[in-house]
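# Results of the structural survey
The primary structure of each chain is shown beneath.
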Protein chains: 2
Amino acid sequence: MIREKRFELIRGELAKKGIVEGDDLAARLQVSRATIRRDLDQLEEEGLLIRTHGGAQVVDSLVELPYHSKLVAYMQEKRAIGLCASQMVPEGSVIGCTGGTTVMSVIKYMKGKTVTVVTNAINIAMELASSESTQVIVTGGAMRTRSYELVGHIADRTLDELYMDIALLGIDGLDLVRGISTYTMQEAHTASLYVNHAERVWVVADHTKVGKIAPALIAPIMKVHRLFTDPGLSPELRSELEAIGMEVVIAEM
Amino acid sequence: MIREKRFELIRGELAKKGIVEGDDLAARLQVSRATIRRDLDQLEEEGLLIRTHGGAQVVDSLVELPYHSKLVAYMQEKRAIGLCASQMVPEGSVIGCTGGTTVMSVIKYMKGKTVTVVTNAINIAMELASSESTQVIVTGGAMRTRSYELVGHIADRTLDELYMDIALLGIDGLDLVRGISTYTMQEAHTASLYVNHAERVWVVADHTKVGKIAPALIAPIMKVHRLFTDPGLSPELRSELEAIGMEVVIAEM
DNA sequence: GTTAAAATGAACAAAAATGTGCAGAAAAAT
DNA sequence: ATTTTTCTGCACATTTTTGTTCATTTTAAC
């Protein structure tokens, strides 16, 4: 077993679990603890992980891009939502997802999970390219300028022939009466296909989106089974949503 | 067991597993470790892999860090080929392209041109995402691990309904008798669809690919209208290719 | 706060892999 | 067929990597 092989497995394990134990790795890879320590030291130097006593943990990927993170609103909240939602995805399931920053934060925590991801967003696909265990299917379609989402009849047709366990949607508005919505018609249309071809619909959105209505409607509110949001959601809105049968998951930070 | 045979197996193994062990290869190929070491040295010089203690690993095309870029084989040549080929693309044309580092270097010079790019490689699509004037159509399909290319029936069907002015292909082998070829069957199949749905076929490849045969055939040599390569191409090979009607463009550096 | 268990870093020895020179074998050119 | 060139295997000195030991630090429990 050469070093690079070990590195690969350590990286994989780290992506999957977020934390690795030195003893566990030593046993699994059939090398001494000293070797594992040295491996972890090197990987830390490369910036791939942070050493802890007894093992190592993933470097918070959102910290590595400090100047980008400022550009994204509600960064912390989105990260918490991402972690929380990803943990509730069962291994082996098929997940369809749109683009958007909140969905992206879920995907970041999905690396290493053995799931199939169907997406029309190429940045999501790129993010998962390095994950061995994740099967990625891209819908295809025309790329909207200044966005990474693929839309149009090619995307439609591909989604038409797929069925997913979970549709994971990022949205711009969620309203009790008008349902879920976004800013452009094309994206709304594509998102609605995910809704119609999935067993369950999960929406991820920071609390500012709840109660808002964006121009392009995706689906009625009853289609949404579960909402992941942050603690900023007002208790009244939460109660109203739960009253109509929606499961509201608050991601603690 | 001649050297080229070994190279072929090593490349194949590398494409499949990403990491190879020297001992393993020596046993499999029935040669001494010293020979394997020399083989790996040479393949490293060609930029196909990176030597490590105990073996070698693929050039991590997934990590586009600047220091890795030096390790891309024949960097200078590819840049020259990219510039040269991009200048010969007429405005307004529809170009279909596969993945691969040489094609990528053409695409880098294509930004800002008013062309339509059809591709099954998401890294190509990402590269063009920032270009306002370029219309991008992604075929869709299943993403191959360790590569950015989309393959399978979704990709096939999309390509079936498109027609392109130019098919721009990156290849691993171009031979007078066996035609153009690559390492994996799936990519070869997808590439062949570009050939069949394009008015003209352009191949971009550094001179080391000319005269080589890779295992998976894409198309017969007569289908190729134009080859862009670097000054390293031997005059004999050039004459032979031109004798059968191929246009050979040498990109000066 | 004290103590026991676990993990760490450092030093050193053992093991594995490397590069190089050289002789013989294979292939190519004449 | 013979010469020339290239390639391969082997031996050996060197470098890199790994395992072991042990004093020290950290963690967790009491």
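Use the structure listed above.
Because the structure is predicted, anything quoted here is derived from the model rather than measured.

## Description of a nonpolar patch on the surface
- Together, Leu176(A), Val177(A), Met222(A) and Ile244(A) line one region of the surface with nonpolar side chains, adding up to about 380 Å² of accessible area.
- On the secondary structure map, Ile244(A) appears in the loop between helix H10 (235-243) and strand S15 (247-250).

## A word on the pairing of strand S12 (residues 198-204) of chain A
All names here are of chain A.
- S12 sits mainly inside the fold: five of its seven residues count as buried.
- Here strand S9 (residues 164-170) pairs with S12 via six bridges, running parallel. Its bridge partner being in S12, Gly 170 is matched across the sheet by Val 204.
- Judged from the three bridges that link them, S12 and strand S14 (residues 226-229) form a sheet pairing that is parallel. Residue Val 204 lies in a different strand from S14, and its bridge partner there is Phe 228.

## Some points on the pattern of salt bridges
- According to the stated counting rule, one finds 24 salt bridges over all chains in the structure shown.
- The salt bridge involving Arg6(A) is made with Asp39(A); its shortest N-O contact spans 2.5 Å. One end of the pair, Arg6(A), is in helix H1 (residues 3-17); the other, Asp39(A), is in helix H3 (residues 33-45), and 33 residues separate them in sequence. Each member of the pair, Arg6(A) as well as Asp39(A), carries the same accessibility label: buried.
- In this structure, Glu4(B) engages Arg11(B) in a salt bridge whose closest nitrogen and oxygen atoms are separated by 4.0 Å.
- Among the residues examined, Arg11(B) registers a relative accessible area of 9% and is labelled buried.
- The network of salt bridges with shared partners includes Glu13(B), Lys17(B), Asp24(B) and Arg28(B).

## Considering helix H2 (residues 22-29) of chain A
Residue and element names in this part refer to chain A.
- All of the buried residues in H2 are Gly 22, Leu 25, Ala 26 and Leu 29. Along H2, the residues classed as buried sweep out an arc of 100 degrees about the axis, all on the same side.
- Where H2 is buried, its residues contact H1, strand S1 (19-21), H3 and strand S3 (55-58).
- Positive phi appears at Gln 30, one or two residues downstream of H2, with a value of about 65 degrees.

## Topic: the interface of chain B and chain A
- Every contact between the two is made by 36 residues of chain B and, on the other side, 31 residues of chain A.
- Of all residues in chain B, Ile19(B), Met126(B) and Met143(B) give up the largest surface area on contact with chain A, accounting jointly for 21% of the area buried on that side.
- Applying the counting criterion to the chain B and chain A interface returns two salt bridges.
- In this structure, the salt-bridge partner of Glu161(A) is Arg157(B), at a minimum N-O distance of 2.6 Å.
- Sorting the residues of the side of chain B that touches chain A by element identifies strand S1 (19-21), strand S3 (55-58), helix H7 (122-128), strand S6 (135-138), strand S7 (141-143) and helix H8 (153-160) of chain B as the ones contributing at least two each.
- Ranked by residues supplied to the side of chain B that touches chain A, first place goes to H7(B) with five residues.
- Among the residues forming the side of chain B that touches chain A, the class breakdown is 16 nonpolar, 13 polar and seven charged.

## Points about the sheet that holds S1(B)
All names here are of chain B.
- Strand order in the open sheet made by the three strands is S1-S3-S2, with antiparallel pairing throughout. In the strand order of this sheet, the two ends are held by S1 and strand S2 (49-52), each with one partner. Recorded for the sheet is a direction-independent mean angle of 20 degrees between the axes of neighbouring strands.
- The sheet contact formed by S1 and S3 spans three bridges and is antiparallel. Counted as the bridge partner of Glu 21 is Gly 55 from S3.

## A look at the protein's contact with DNA strand D
- Lining the immediate environment of DNA strand D, one finds 16 residues, of which Thr35(A), Arg38(A), Arg6(B), Thr35(B) and Arg38(B) sit closest.
- Counted by atom, the contact set of DNA strand D within 4 Å of the protein is 67% sugar and phosphate.
- Between DNA strand D and His53(A) there is a distance of 3.2 Å, counted from a sugar or linking oxygen to a side-chain nitrogen or oxygen.
- Along the lines of polarity and charge, the residues of the surface near DNA strand D split into four nonpolar, six polar and six charged.

## Here we look at unusual backbone geometry
All names here are of chain A.
- Phi angles above zero are rare outside glycine, and Gln 30 is one such case at about 65 degrees.
- Relative to the helices and strands, Gln 30 is located in the loop between H2 and H3.
- Overall, the relative accessible area of 70% leaves Gln 30 in the exposed class.

## Notes on the packing of aromatic side chains
Residues and elements named next belong to chain A.
- In this structure the tally under the stated criterion is two aromatic pairs over all chains.
- With a centroid separation of 5.2 Å and 55 degrees between ring planes, the pair formed by Trp 202 and Phe 228 is classed as tilted. In this pair, Trp 202 is assigned in strand S12 and Phe 228 in strand S14, connecting sequence segments 26 residues apart. Both residues of the pair, Trp 202 and Phe 228, belong to the buried class.

## A look at the side chain of Lys113(A)
Residue and element names in this part refer to chain A.
- The residue Lys 113 is located in the loop between helix H6 (101-108) and strand S5 (116-119) in this model.
- Put simply, Lys 113 is tucked away with no salt bridge, and the nearest opposite charge, on Glu 91, sits 4.8 Å away.
- For Lys 113, the side chain forms a polar contact with the main-chain oxygen of Ser 86, separated by 2.8 Å.
- Apart from the residues within four sequence positions on either side, Lys 113 is in contact with Lys 16, Ser 86, Gln 87, Val 89, Glu 91, Ser 133 and Thr 134.

Conventions and cut-offs
Here, residues in each chain are numbered from 1, in the same order as that chain's written sequence. Chain letters and ligand numbers both follow the written order, the letters beginning at A and the numbers at 1. Local features in this predicted model are restricted to residues whose pLDDT is 70 or higher, and side-chain atom pairs enter the listing and the counts only when it is 80 or higher, whereas totals over whole chains, interfaces and linings include all residues. To obtain the side-chain values, all non-hydrogen atoms of the structure were included, while hydrogens and water were left out. Patch members must show over 30% relative accessible area and no salt bridge, and they are joined within 9 Å when carrying like charges or within 5 Å when they are nonpolar side chains of Val, Leu, Ile, Met, Phe, Trp or Tyr. Shrake-Rupley sampling with a 1.4 Å probe provides the accessible areas, and residues are treated as covered by the protein chains on show and by no other component. We count a salt bridge whenever a side-chain nitrogen from Lys or Arg sits within 4 Å of a carboxyl oxygen from Asp or Glu. A run of H or I in DSSP becomes a helix once it reaches four residues, and a run of E becomes a strand once it reaches two; helices and strands are each numbered from the N terminus. Burial here depends on accessible area, computed with a 1.4 Å probe over protein chains only, as a share of the maximum for the residue type. Under 20% is buried, over 50% is exposed, and the range in between is partly exposed. Pairing between strands is defined by DSSP: at least two bridges between them are needed. Working note: the arc is built from the helix axis to C-beta atom directions. In this analysis, two residues are considered to be in contact whenever any of their non-hydrogen atoms come within 4.5 Å of each other. In this description, buried area is defined as the sum, over both parts, of the accessible area (probe of 1.4 Å) that is lost when the two are combined. Three residue categories are used. Nonpolar comprises Ala, Val, Leu, Ile, Met, Phe, Trp, Tyr, Cys and Pro, charged comprises Asp, Glu, Lys and Arg, and polar comprises the others, including Gly. Orientation is described by axes fitted as lines to C-alpha atoms, over the contacting stretch for helices, and by angles from 0 to 180 degrees between their N-to-C directions. Any residue with a heavy atom lying within 4 Å of a molecule or strand is counted as near it. We call two N or O atoms a polar contact when they sit within 3.5 Å, provided that within protein one can donate a hydrogen and the other can accept it, with sequence-adjacent residues counted only if both atoms are side-chain atoms. Aromatic pairs are defined between Phe, Tyr and Trp rings, using the six-membered ring for Trp, whenever the two ring centres lie within 6.5 Å; interplanar angles under 30 degrees are classed as stacked, those over 60 as edge-to-face, and all others as tilted. A positive count includes Lys and Arg, and a negative count includes Asp and Glu. His and the chain ends are not counted in either.

All quantities given are derived from atomic positions and should not be read as evidence of function.
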